[in-house]
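Breakdown of the fold
Here is how the chains run, residue by residue.
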Amino acid sequence: MTHRDHPLVRTAQALADGLLAPHAARVDEEGVPVSHLDAIRASGLLGVSAPVEYGGAGAPDAVAREVAEILAGACCSTWFVQTQHHTPVRMLARSELPVRERLLGPLATGELLSGVAYAHVRAFPRVPVRVTRAGDGWRFDGTVPWCTGWGLNDLLLLAGVSDFGEVVFAFTEAREQRGLSPSAPMRLAALSAARTVSLSLDGLWLPDTSVVRRTPRATFAPADLARAANTSPAVFGVTRAALNLLADAGEPESARVLRERLDALRTSAYTLAEHPAPEAHVPERLALKTQAFTLLRTATTAALVARGGRSMSLQDPTQRLARAALFLHIQAQTPASRTTHLKALTEEQ
């Protein structure tokens, strides 16, 4: 059985065809509904990478990537909300702290849905969120610039940096509470439907029993850079969806040529993503990521050109994919990825 024959891949395709894609225009205007997340919870997709002994599927990374491509191509906003969940699951699976036994099962089965709030850690030496020791717990102070899925998630994986350069990850309930206040939902050029807010932290206290990981920033940063250097499966999923629209618009040959480039890039990017040394070949990973962005931009632009004026309708999927492409260009961006991307853009002929 290939990864494309895996039951969860078939489940994801059925969800995409029967629910996500048909309602993507409405979701784009009105927001990701609870019913979409309920369907994903019930499908088992939230546990695609979770250990079997905790109720997950324990599927290979290739299956998780294929699922992500399918969901992103069908409704990028819904994909983005649920994709936050997989980082807490993976972190819990590697943790030896008590919180693992309390939360990994409910997250693996989809009983609970978790968001994340830690991208700001990449801003170092700026420290948007600072943590300090407070009794048998930790105090969080500062501002989380981006937090997606507000009002949809049950939990939030929050991170901050201490004065000693330690990154502390801990879980809290995803709701307004003492020391935590959300902004109004942001109006964004793309993926406003994903319900993104900023968070103001003023003495939010979380006990040691909520901590899932403590690591020196000097250890966290290289590993995080290597992960962020990999091309997101969503890039390939949205590119593939745009090429399908291009073919449907009467340009099958153009779609075929670009699809061949997509397949070659995808194979190279995923080969490096599965390299046994996770922090190896970062420059090559970044170069492939930049090439994938170029192809994403080409594919979405080609679909717009082929479909002409009708693509400007908010009900047309072409402009929605083009706007999603804008978002994917900066999602999980690091200084290294920004530099590589800008260098490639300035060298384009």
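Look a little higher up for the structure.
To start, this report covers the structure provided alongside it. (Residues numbered from 1 in each chain as written. Predicted model: local features only at pLDDT ≥ 70, side-chain atom pairs only at ≥ 80, totals over all residues. Heavy atoms only, no water.)

Notes on the pattern of salt bridges
As a reminder of what qualifies: For this analysis, a salt bridge means a side-chain nitrogen from Lys or Arg found within 4 Å of a carboxyl oxygen belonging to Asp or Glu. In DSSP terms, a helix is any run of H or I states spanning at least four residues, a strand is any run of E spanning at least two, and both are numbered starting from the N terminus.
In total, this model carries 24 salt bridges according to the counting rule given. The partner of D224 in a salt bridge is R227, and the shortest N-O contact between them spans 3.8 Å. Within this pair, D224 and its partner R227 are both found in helix 8 (residues 217-229), separated by three residues, close to a single helical turn. What emerges from the salt-bridge pattern is a single network uniting R4, E66, E69, R240 and R266.

Considerations on unusual backbone geometry
To be explicit about the condition: Accessible area is worked out with a 1.4 Å probe on protein chains only. A residue is then buried under 20% of its type maximum, exposed over 50%, and partly exposed in between.
In the segment running from F124 into P125, the intervening peptide bond is cis, with an omega of 20°. Inspection of the secondary structure assignment puts P125 in the loop between strand 1 (114-117) and strand 2 (129-134). Here the phi dihedral of L191 falls at roughly 60°; this positive angle occurs in a residue that is not glycine. Its place among the elements puts L191 in the loop between strand 6 (180-182) and strand 7 (197-207). Under the relative-accessibility criterion, L191 is labelled buried at 6%. Not every positive phi belongs to a glycine, and A332 is a case in point at roughly 55°. Mapped onto the elements of the fold, A332 is located in the loop between helix 12 (317-330) and helix 13 (335-347).

As for helix 5 (residues 76-83)
In terms of burial, helix 5 is largely enclosed, as seven of its eight residues are buried. Buried residues of helix 5: C76, S77, T78, W79, F80, V81 and Q82, and no others.

Some thoughts on the packing of helix 11 (residues 282-307) against helix 13
Inclusion rule: Fitted lines through C-alpha atoms give the axes, limited to the stretch in contact for helices. The angle between two N-to-C directions lies from 0 to 180 degrees. Angles are sorted into four bins: roughly parallel if under 35 degrees, roughly antiparallel if over 145, roughly perpendicular if 65 to 115, and oblique for all others. Here a crossing is called left-handed whenever its near helix is offset anticlockwise from the far helix by less than a right angle, and right-handed whenever the offset is clockwise. Two residues form a contact once any of their heavy atoms are found within 4.5 Å. Charged means Asp, Glu, Lys or Arg here, nonpolar means Ala, Val, Leu, Ile, Met, Phe, Trp, Tyr, Cys or Pro, and polar covers whatever is left, Gly included.
Across the interface, helix 11 lies against helix 13 with an axial gap of 9 Å and an inter-helix angle of 55°. Taken together, the axis directions place helix 11 and helix 13 in an arrangement best described as oblique. Note that helix 11 runs across helix 13; the crossing there is right-handed. Every residue of helix 13 that contacts helix 11 at L286, A287, T290, F293 and R297 is listed here: A336, S337, T340, H341, A344 and L345. Tallied by class, the residues present in the contact of helix 11 with helix 13 amount to six nonpolar, four polar and one charged.

Details of the packing of aromatic side chains
Quick note on the threshold: In this analysis, rings of Phe, Tyr and Trp, with Trp reduced to its six-membered ring, are considered paired at centre separations within 6.5 Å, and the interplanar angle assigns stacked below 30 degrees, edge-to-face beyond 60, and tilted for intermediate values.
Inspection of the entire model under this criterion finds five aromatic pairs. Relative to F80, the ring of W79 lies with its centre 5.7 Å away and its plane at 35°, an arrangement referred to as tilted. Judged on exposure class, the residue W79 and its partner F80 are both buried. Consider the rings of F169 and F220, whose centres lie 5.7 Å apart with planes at 55°: the pair is tilted. One end of the pair, F169, is in strand 5 (residues 166-173); the other, F220, is in helix 8, and 51 residues separate them in sequence. Pair check on accessibility: F169 and F220 agree, each one buried. An aromatic cluster is defined as three or more aromatic residues linked by ring pairs; in this entry it consists of W79, F80 and F327.

Topic: the side chain of T215
Among the secondary structure elements, T215 is positioned in strand 8 (residues 211-216). Looking at T215, the relative accessible area reads 6%, which means it is buried. Sequence-distant contacts of T215, defined by excluding residues within four places in its chain, comprise G165, E166, V167 and F220.

Section: the environment of V144
Within the element layout of this structure, V144 appears in strand 3 (residues 137-147). Classification of V144 by relative accessible area gives buried; the value is 0%. Linking V144 and L199, residues 55 residues apart in sequence, is a C-alpha distance of 4.9 Å. Ignoring anything within four residues of it in the chain, the contact list for V144 reads A117, H120, V129, L158, S198, L199 and L201.

Remarks on the environment of G31
As for its placement among the helices and strands, G31 is situated in the loop between helix 2 (24-30) and helix 3 (34-43). For the pair G31 and L112, spaced 81 residues apart in sequence, the C-alpha to C-alpha distance is 20 Å.

Quick word on the layout of surface pockets
A probe matching the size of a water molecule, rolled over the atoms, marks out where space remains unfilled. Quick note on the threshold: Of the two site types, the cavity is a set of points on a 1 Å grid over the protein atoms alone where a 1.4 Å probe fits but cannot get out, and the pocket is an open set with protein on both sides within 12 Å along at least five of seven lines, each lined by residues with an atom within 4 Å of a point. Grid points are joined across faces, edges and corners, and a volume is the space filled by probe spheres set on the points.
Taken as a whole, the second largest pocket holds about 480 Å³ of empty space. Along the wall of the second largest pocket there are 30 residues; nearest its centre are A21, G73, A74, C75 and A241. Among the secondary structure elements, those contributing two or more residues to the lining of the second largest pocket are helix 1 (7-20), helix 2, helix 4 (61-74), helix 5, helix 9 (233-248) and helix 12. In the lining of the second largest pocket, the residues fall into 18 nonpolar, six polar and six charged.

Read these as layout, nothing more, since geometry by itself doesn't imply function.
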